[in-house]
Amino acid sequence: MNTNAADPKATSKTNPRENANIFSVLFFTYTLDMFRKGCKKNFEAEDLYEPLSADRSELLVGRLEKNWNKQKNPKLLRVLVRTFWPEYLYLTVLLVFMETFQILNPIALGHLLEYFKEDSEMSHDDALWYGSFVVVVNACNALLVNQYMIDSYHYGMRVRAACCAFIYRKALKLSGEALGEMASGKLVNLMSNDVNRFDYVSYFISYMIVSPFTLLVVSYFLWAQTGYWTLAGLIPIFTVFPIYSVMGCVSSRYRRRVAKCTDERIRLMDEIISGIQVIKMYTWEKPFGVIIRAARYAEINLVKKLAYCRGLFMALHLTTSRCALFFTLVALTLSGTKLSPATVFIFMCYFNILSDSVSSYFCRGITELSELSVIISRIDKFLHQEEHTYNVCEDEKVQNLVSVIFRNASVVIKQEKILSGINLNVNKGSLLGVVGTVGCGKSSLLKTILGENKVSSGDIFVNSSISYAPQEPWLFSGTIRQNILFGQAYQEDKYQEVLKVCALDKDFHNMQGGDQCHVGERGISLSGGQKARINLARALYREADIYLLDDPLSAVDINVAKHIFDNCIKKYLKDKTRILVTHQVDYLEDADEIIIMDNGEITSRGDFDSVANLMKAKRVKCTEAVEEAPKETHHAQSIPLKNDLLEQTSKGQIKGSLLFKYLSSGNTFMFFFVALLFLLSQTFVSGLDYFVSYWVSSQYEDFISIYSILIFALLVISILRSILFFKLASWSSKKMHTKMFDAIVNTKMRFFNVNPSGRILNRFSRDLNAIDENLPRAIMDAAQIILNLLGALILVILSDVHFLIPVAIIGTIFMILRMIFLKSSKNIKRLESIMRSPVFSHLNATLQGLTTIRAYDAQNMLIDEFDQHQNVHTSAWYMYITASSAFGFYLDLICCIFTALVTFSFLELVQTSAIGKIGLAITQTTSLTGVVQWGMRQSAEVTNQLMSAERIFEYRQLPSEKDKNNKPLILANWPSDGKIEFKHLNMKYSEKSNLVLKDVSLSIDAKEKIGIVGRTGSGKSSIIQSLFRLALIDGGIEIDGIDTQDIDLSELRKHISIIPQDPVLFSGSLRYNLDPFGEATDTELWRALEDVELKNTKLVSNLDIEVMDRGANFSVGQRQLICLARAIIRNNKILVLDEATANIDRETDALIQKTIRRKFSECTVLTIAHRLNTIMDSDRILVMDSGQVIEFDSIANLLQNTKSHFYQMALAMGMI
C-alpha cells in the first residue's frame, strides 16, 4: 500500500547529528550547514535528513511493546516509565548541574558587589576573579540550559512517536465491535493533539524531582544570610503551591472534557469530508454547519477556561519573586536589620531562582502533568480495547475436506442478534451462493468468517488463507496498480490475466497513464463499476484458498457481470473455495450449494432449481453475450501525482501580518486594549526593580507603602491582561474555524478529489489545536519575556548611559540572528506540517479498509509504511527543534559576552559608590542568560506557530462554487413541471483534464421517466454531476426553460432529489438522517420508511435509534433504502436514482420500483441502472458511451433495432 507516501528521496541524507563530536554537539556547529542552506533556498522534502537511528519509529515502539508485553495487566504510565527512564535520568542529572550553576551565581555576585562598597578591603585582582567567576558560571549555564532544552524536546518526541506507532498497531487489532464504537475522530485526535503533550511536558518532568532540592538549598543560603526572617520571603513561594495544585486538578478536569469535545468535532468533520458530495447534493451545508458550530462552541469554551488557568499561572509567576523579595525586605526592615545592597541583590537572585525553578517549572509541571495524566488514561483505555480474533481449524480430518465450518454459531452485537444458529459446511473447491433480502445477514456471515464479528455461542472454523472483496470497494490514494497489487510482488502474466478476467484491460487502455493513473482517496475519481472491479482484481491477485466475494456483480453492467462470473468466478477460481453473496440469483445455476438467509438465519438451502422456486425468481439462463461488447472508455478524473502525493506549501498564499490577522480576527479594539495592558504591566515590573535599587541607595523610609501599591497594581493588571488576552485569542480561534469550515463546505468538489481526508483533517485537528492553545501560550510567553528583556536593558542603560551603544549593537545582532533563524525555521515548520498530513491520511485509509487489510494479512506492510511516514515527520520535527536550540544557544553566547562587558566595565571604568545601580545592572544582565534566548525563541515560536494560522487562512481563501451571475435567481415554485434540456453540454472535472461529457444534447419532457444505461465508465454518473453543477460545464442545462447556471446553486440542488450510488449515512439519530432540517412530521417520516419496507423492522424500531459512524450498523442495502426514503420526504419534481437499488435483492427492488412509480408519478425521474428490469418501464432509454449519447429512444423502438446497443444488452441478459 502506498497511501499518500512521502517522496522516498526525503530521508536519503545522513543526519549530521548522528556522527557529530562532543564539541559540535555542545556548540551546535552541526546545524550550520542547515542554516546556510536555509538562507539560500526554501526547504523541500528532499532536504530532510534521515532520523537518528535511535529515533526510528520501529525501534521506539519495539522498546515500548517489549515492556508492555512483560506485564500481565499493563498500564501505559508504568510502561512509559520502564521504557524511557534512561533518557529522563540523564535529563535529571543535567538539570542538577544546571541548578548548581544557577545557585553559584548569586554567591559570586555577592562577593563581587562587596568590592564596590566604600569601605571595601577587597583587592582589584580578587574582584576580577569574582567577576570572571560570574561570567564563567553564566557561560556554563548557557551550555547546560540549551542542552537540557533540546534533549527534553527530543526525548518528548521519542515518547510521542512510540505512542503513535503503538496506537496505530492497536488500531489494526481492534475487534469489529470495538471499531464500531471507536469513531475515527477520536483516533485522529489521539494521534494529532493528545500525544503532542509529550513534546512539551518532558521539559517539566525533571523539575518535579530537582526543584524541591533546589528549594532546600536556596532556603539554606537565605537562612545563612538572614536567619529565621528567611521564612517571610518563603511565604509567597509556598502560598502558590496550593493554588497551583488546585489549578492542576481543575486543568485536568477541563482537559478531559476538551478531549471529548475535540473527539466529537473531529469525528463530525471526518464524516462531513467523507460524505461531502452527498451533503452538497442535498444542500445540507447549513444543518451540518449548525452541528459543527455547536461542537466548536462547546470545545472553545472549555479551551478558554483552560487558558484562564494558564493566564492566572503566568500572572502569579510575574509577581511571586517580587512578592518574596518584598516580604523579606519588610520583615528585615521592621526587625531593625540593616541591609547591605549586596545582600538585597543576592536575595533578588535567589528569589528569581526559586520563582523559575519552583514557582514556575515545578508548579507549572503540576498542571502539565495533571493534563498529561488525562491523555495517558485516554490512550491507555484505547490500548485495552477488545482485539480481533481469528478462526482457525485444528481438526486435521476436517482440514482435508472442508474450508469453513459453522456449528450452531450465533453473533450478538450490542445485545442484538446478528446471526443465529448458523450450521454450515463449505467444502473445499466448492461454490457457495448466499442470497437473501436486504439486511438479512449475508455480509455479516462473511465478516464472521473473517473474524470481524465475534461468535457469542457455537463454533466456527476456517481452514487455509482467505482473500476478500468487500461490498463497499476500498481503494486508497495511489496508482491503480498499487491498489491491485497491494504489496504483492508484480508478476506480469498473472497480473494481465487478472485484468482480463475482471474486464479491466480495456479501461486501462483508454485511461491516461493506464494502470499507473493515480486515483484519489476511496477511489473517488473512478466510477462505481471500476472501483468494484479493481476491488475484485485485488482479491484475485492474492493467492488464497478461500475467496469471499460480497456482491461484486451489482455495480457493473450486465455484459461485464456475465464476463466476470464466467471468466473469473467459474474459470479462474474453479479450484478454489468461493463464497459468493449476490442478489442476482440467475448466475448461481452452477453453484454447488445456495443458502437463503433471513433475519440472521439460514432458512433454506439447496441447488439452483429449489432456491429459484423459493425465491419466486424466474429461472433465466444467461445466454452468451455478443462477442464484441460495446467499447468502454474511462472517464475517471486523472489526479496529478504532485498534488496527490505531496501537500503544497502555504508560503506566499497569505499577504500581510499573520499575527495582526490572527488577533484582530477576534476583536480589533480588544487587541489594542490588551496590547496597552501588556505595556502597562511591564512598566510596573521595571518600576518595582528600579525602586529596589533606588531604596538601597537612598534608604528611603516610606518604601513599604509604595512597594505595596506597586505589587498590588502589578498583580491586578497582570491577571486582567492574561484573562482578556486569552479571551481575545479564543474569539479569534472560534471565528477562524467558522470561516474555514464555511470555505471548505462551499468549495468545489475537485478540492476533495485531490486532497486526502487526512490532509484536510490535519487543518481541523493539529493546526486548529495550535491556534487554540500553542499559539496564544507562545504569544503570551514571548510578549512577557521580550518586554522583561527590554525593561532589563533599559535599567542597565539607566545605570550607565554608555551601555546604550553595546545594547544597540547586541540588539542589532539579535535581530540579524533572528532573521537568519526564521528564514530556515519557518520553512522547516511548514515542511513539518506537510509531513504530518500523510500520517493522518494513512490512519484514515487504514480505518476505512481495516476489514480488507486484515483479510489480506497486510498489517505488517501497513505498519512499515506508517513507520516510514512517521520517520519522515520525525526528521522534520528534529530539524525544527535543533534549529531552535542552536538559535537559543548563540543568543545566550552573546548574552554571556554582554554580561562580561558590563561586569568588567564596572570593574575597570566605573569609579563610583552607586552600588545600587551597579548591583541592579549586573543582576539584570546575568538574568538575561536563558531569558533572552527563551524570549527570542518564543518570538520565533510565535512566527512558526503562525504557520498553522497561515494554513487555516489558506483554506479560508479556497475558491467557492461560484454562481454564473452576481445575483443568481431564486424563483418561487420552481421547477413547476420538471422539463430538462441539455444543450451541447461538455463537462470536465478540472481545467486541465479531458472532457468526460462531449456535446450532449437531449430533451426530457416533464414527468418523463428516463432510464440511463451504458458500460461502466461511459459517463452515466457524469450526467448527474453536471445536473448538480459539481464539475466544470460548458454549454447549457435548462430546467423549465431556466438555465441552471442562472439559478442560485443551493436552490438548484434543493429542488432535485438524489439517491446516490454510494449510500451515505451520518452518525446521529435516524430522524436526523432522514430530515436534518426538521421540516417533516413523524407521520411523514414513518410513511416514507413504510414505502421502502423499513417500517417496524428489527433494526428500525423508532425514529430516534442511533446511527453509528458512517451507518456501520446498517447494511449497504438498508442504507440505500434510507436514502430512498430521504427522496420521498423531499418530494421534488425531479428525482435522480444513481444505481439506487444495486445492492438490493430483486424482490425488494420490485417493491421499490413500484413505490417509485406510485410516489413519483408526477415527477421527472432519471434512473441509472445496470439491471435492465429496473428501467424497463421507462418512457425512454438513454444509452451512453465514451461520454456521448449514442441512443435515446423508447424501449420499443430500441428493441426493434437488432443493431442497437440496448438490444445487445437485453439479449445478453436473456430478456429477448
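A brief report on the enclosed structure follows. Because the structure is predicted, anything quoted here is derived from the model rather than measured. Within each chain, residues carry numbers counting from 1 in the order of the written sequence. Under the rules for a predicted model, residues below a pLDDT of 70 receive no local features and side-chain atom pairs below 80 are neither given nor counted, while totals for whole chains, interfaces and linings still include all residues. Values shown for side chains rest on all heavy atoms present in the structure; no hydrogens or waters enter the calculation.

## Some thoughts on the sheet that holds strand β22 (residues 1180-1185)
Threshold: At least two bridges found by DSSP between two strands are what make those strands a pair. A run of H or I in DSSP counts as a helix once it spans at least four residues, and a run of E counts as a strand once it spans at least two, with each numbered from the N terminus. Between N-to-C directions, angles span 0 to 180 degrees; the directions come from axes that are lines fitted to C-alpha atoms, helices contributing only their stretch in contact. Should any heavy atoms of two residues lie within 4.5 Å, those residues are considered in contact.
Spatial strand order, β17-β20-β21-β14-β22-β23: six strands in an open sheet with mixed pairing. Each end of this open sheet is capped by a strand with a single partner; those strands are β17 (1056-1059) and β23 (1188-1193). Geometrically, the sheet is characterised by an average inter-axis angle of 20° between neighbouring strands, direction not taken into account. Where strand β14 (residues 1009-1014) and β22 come together, five bridges link them in parallel fashion. Directly across from Gly 1011, in β22, lies its bridge partner Ile 1181. Relative to the sheet, helix α35 (residues 1116-1130) contacts β17 and β20 (1134-1138), its axis offset from that of β17 by approximately 170°.

## Considering a nonpolar patch on the surface
Selection rule: Here a patch means residues that are over 30% exposed by relative accessible area and free of salt bridges, tied together within 9 Å if like-charged and within 5 Å if nonpolar (Val, Leu, Ile, Met, Phe, Trp, Tyr). The Shrake-Rupley method, run with a 1.4 Å probe, gives the accessible areas here. Residue values count only the displayed protein chains as cover. The salt bridge definition used is simple: a Lys or Arg side-chain nitrogen within 4 Å of an Asp or Glu carboxyl oxygen.
Residues Leu 77, Val 81, Trp 85, Leu 89, Val 93 and Phe 97 make up a contiguous nonpolar surface patch of about 610 Å² in total accessible area. By the element assignment, Phe 97 lies in helix α4 (residues 76-114).

## Some points on the pairing of strand β5 (residues 466-469)
How we decide: Buried residues are those whose accessible area, probed at 1.4 Å on protein chains only, stays under 20% of the maximum for their type, while exposed residues exceed 50% and partly exposed ones sit between those limits.
What you see with β5 is no split at all: Ile 466 and Tyr 468 on one side and Ser 467 and Ala 469 on the other are buried throughout. Examined bridge by bridge, β5 and strand β8 (residues 546-550) share four bridges and lie parallel to one another. Bridging across to β8, Ile 466 finds its partner in Ile 546.

## Some details on the packing of helix α9 (residues 230-274) against helix α12 (residues 341-383)
This is how the line gets drawn: If an angle is under 35 degrees, it is roughly parallel; if it is over 145, roughly antiparallel; if it lies from 65 to 115, roughly perpendicular; otherwise it is oblique. Rotating anticlockwise by less than a right angle from the far helix to the near helix defines a left-handed crossing, while the corresponding clockwise rotation defines a right-handed one. Gly is put with the polar residues, along with every residue not named as nonpolar or charged; the nonpolar set is Ala, Val, Leu, Ile, Met, Phe, Trp, Tyr, Cys and Pro, and the charged set is Asp, Glu, Lys and Arg.
Running from N to C, α9 and α12 point in directions that differ by 25°, and their axes come no closer than 8 Å. By the angle between their axes, α9 is roughly parallel relative to α12. As for the relative orientation of α9 and α12, their crossing is right-handed in sense. Residue composition of the contact of α9 with α12, by class: 16 nonpolar, nine polar and six charged.

## A word on the packing of aromatic side chains
Stated precisely, the cut-off is as follows: Aromatic pairs are defined between Phe, Tyr and Trp rings, using the six-membered ring for Trp, whenever the two ring centres lie within 6.5 Å; interplanar angles under 30 degrees are classed as stacked, those over 60 as edge-to-face, and all others as tilted.
Taken as a whole and assessed by the stated rule, the structure comprises 43 aromatic pairs. Taking 6.1 Å as the distance between ring centres and 85° as the angle between the ring planes, the aromatic pair formed by Tyr 153 and Tyr 200 counts as edge-to-face. Residue Tyr 153 is found in helix α5 (residues 124-171), and its partner Tyr 200 is found in helix α8 (residues 197-226); the two are separated by 47 residues along the sequence. According to the relative accessible area criterion, Tyr 153 is buried, its value standing at 13%. Residue classification places Tyr 200 among the partly exposed positions, given a relative accessible area of 21%. Judged by centre distance (5.9 Å) and plane angle (80°), the ring pair of Phe 288 and Tyr 1072 falls under edge-to-face. Taken together, the residues Phe 288 in helix α11 (residues 285-334) and Tyr 1072 in helix α33 (residues 1070-1074) connect sequence positions 784 residues apart. Phe 288 sits in the buried class, given a relative accessible area of 3%.

## Notes on the sheet that holds strand β13 (residues 997-1004)
The strand order across the open sheet formed by four strands is β13-β12-β15-β16, and the pairing between neighbours is antiparallel. The sheet terminates laterally at β13 and β16 (1042-1043), the two strands that pair on one side only. Contacts between helix α31 (residues 1020-1027) and the sheet are confined to β12 (980-988), β13 and β15 (1032-1039), with β12 contributing the most and set at about 105° to the helix.

## Quick notes on unusual backbone geometry
Note on backbone geometry: most residues besides glycine have negative phi, and most peptide bonds are trans. Non-glycine residue Ala 503 carries a positive phi angle of around 55°. In this structure, Ala 503 sits in the loop between α16 (492-501) and α17 (505-510). In the Ramachandran plot, Asp 551 falls in the positive-phi region, its phi being about 55° despite a non-glycine side chain. Mapped onto the fold, Asp 551 is located in the loop between β8 and α19 (558-572). With relative accessibility at 5%, the residue Asp 551 sits in the buried group.

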